[in-house]
Amino acid sequence: MNHSVPQLPLALRYPPEQRFDTYLQAPVGLQEHLRALAETQQGDAIFLHGETGAGKTHLLVAACAAAGALGHMPAYLGLKHLRGRLATACEGLDNAALVVVDDVDAIAGVREDEVALFHLHNRMRDAGYALLYAATLPPNEMSLVLPDLRSRFAQCSCWALSQLDDAGRTELLRQRAAARGLDFDDAALEWLLRRASRDLGSLTAIFERLDHASLAAQRRLTVPFLRQVLGG
């Protein structure tokens, strides 16, 4: 067995905007719990759930970044891309003190993947290491076929995440713009939020598009410029 710990994919290599202190409107106590998990990496298991765009991956990456800052090597498993071959992906994780597992829903109903995740969970817990899961649905609502895996998830500390409200979406865009030195006109911000999806991923994608367009055109983010780039 290969005992090396898999690296995070390049797309998830700790983007600076995905940190604990940039996550907005977290449930009370969650960030402290996640920081402790990432920093001590001792034997806890946390399960995050919430609809698409609630920021689950943000928190998983933040946990990896916090662990990495202390010299630890976390392991990240994105199950959307591992369906049908999770057992192979779990090889080499024995030395990882923190394993984060994203998109658990993706393997629900695939028995061999559920068995692989069940065994990984048991190995990590027996070794006193930490696990952090994320899925769209809470464990009791997923279409799992392995009762033993469902029982393991039931032992996790479960936290529900919600999409940002209007104040949170406004703060997110202001935060991202300030971090990149962008001048986001108030009227333009209001115009964008009236038209953008509440989905955090979609909003972030639009912001990235505007960032690139603004840099290329050397333009402030004003309503006329947003209309030019996005239409409407």
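Everything that follows concerns the structure shown earlier in this document.
Attention shifts here to the overall build of the protein chain. A count of helical and extended segments in the protein chain gives nine helices and five strands. In the protein chain, the order of α-helices and β-strands from amino to carboxyl end is α-β-α-β-α-β-α-β-α-β-α-α-α-α. For 232 residues, the compact-globule estimate of 2.2 N^0.38 gives 17 Å, and the protein chain sits close to it at 19 Å. Structurally, the protein chain occupies a C-alpha span of about 55 × 35 × 35 Å along its principal axes. The burial tally for the protein chain puts 50% of its 232 residues in the buried class. For the protein chain, the proportion of contacts with a sequence separation of at least 24, taken over those separated by at least 6, is 75%. On the protein chain, roughly 10900 Å² of surface is accessible, and the fraction owed to carbon and sulfur atoms is 51%.

What follows deals with the nonpolar core. Core analysis: the largest hydrophobic core is formed by 31 residues, its most contacted members being Leu77, Leu79, Leu86, Val99, Leu117, Tyr133 and Phe153. Of all elements in the fold, only strand 1 (45–49), strand 2 (75–78), helix 3 (86–89), strand 3 (98–102), helix 4 (111–126), strand 4 (130–135) and helix 5 (147–154) reach the threshold of two or more residues within this core. The element that contributes the greatest number of residues to this core is helix 4, accounting for five residues. With 24 residues, the next largest nonpolar core counts Leu60, Ala67, Leu98 and Leu161 among its residues.

Within this structure, the stated rule accounts for three aromatic pairs. Judged by centre distance (5.8 Å) and plane angle (35°), the ring pair of phenylalanine 47 and tyrosine 133 falls under tilted. Placement of phenylalanine 47 in strand 1 and of tyrosine 133 in strand 4 is noted, with a sequence separation of 86 residues between them. You'll find phenylalanine 47 and tyrosine 133 in the same group, each marked buried. The interplanar angle of 75° and the centroid separation of 4.9 Å between the aromatic rings of tyrosine 133 and phenylalanine 153 together place this pair among those described as edge-to-face. Of this pair, tyrosine 133 sits in strand 4 while phenylalanine 153 sits in helix 5, and the two are 20 residues apart along the sequence. A residue is classified by how much of its surface remains accessible, and tyrosine 133, at 0% relative accessible area, is buried. Ring pairing ties together the aromatic residues Phe47, Tyr133 and Phe153, which thus form one cluster.

What follows deals with the packing of helix 6 (residues 166–179) against helix 7 (residues 186–195). Interaxial distance between helix 6 and helix 7 falls to 11 Å at its minimum, and their mutual angle equals 130°. One element, helix 6, and the other, helix 7, form an angle in the oblique class. By crossing handedness, the relation of helix 6 to helix 7 is classed as right-handed. Only Asp186, Leu189, Leu192 and Leu193 of helix 7 make contact with helix 6, whose side of the interface consists of Arg169, Thr170, Leu173 and Arg174. Considered class by class, the residues forming the contact of helix 6 with helix 7 number four nonpolar, one polar and three charged.

Reading the values: the criteria
- Residues numbered from 1 in each chain as written.
- Predicted model: local features only at pLDDT ≥ 70, side-chain atom pairs only at ≥ 80, totals over all residues.
- Heavy atoms only, no water.
- Helix = DSSP H or I, 4+ residues; strand = E, 2+ residues; numbered from the N terminus.
- Rg over C-alpha atoms; globule rule 2.2 N^0.38 Å.
- Buried < 20%, exposed > 50% of the residue type's maximum accessible area, 1.4 Å probe, protein only.
- Contact = heavy atoms within 4.5 Å.
- Areas by Shrake-Rupley, 256 points an atom, 1.4 Å probe, with all protein chains shown as cover.
- Core = buried A, V, L, I, M, F, W, Y, C linked by side-chain atoms within 4.5 Å.
- Phe/Tyr/Trp six-rings, centres within 6.5 Å; stacked < 30°, edge-to-face > 60°.
- Axes fitted to C-alpha atoms, helices over the stretch in contact; angles between N-to-C directions.
- Parallel < 35°, antiparallel > 145°, perpendicular 65-115°, else oblique.
- Left-handed = near helix turned anticlockwise from the far one by under 90°.
- Nonpolar A, V, L, I, M, F, W, Y, C, P; charged D, E, K, R; others polar.

Everything listed here is a matter of coordinates, which is why it stays silent on function.
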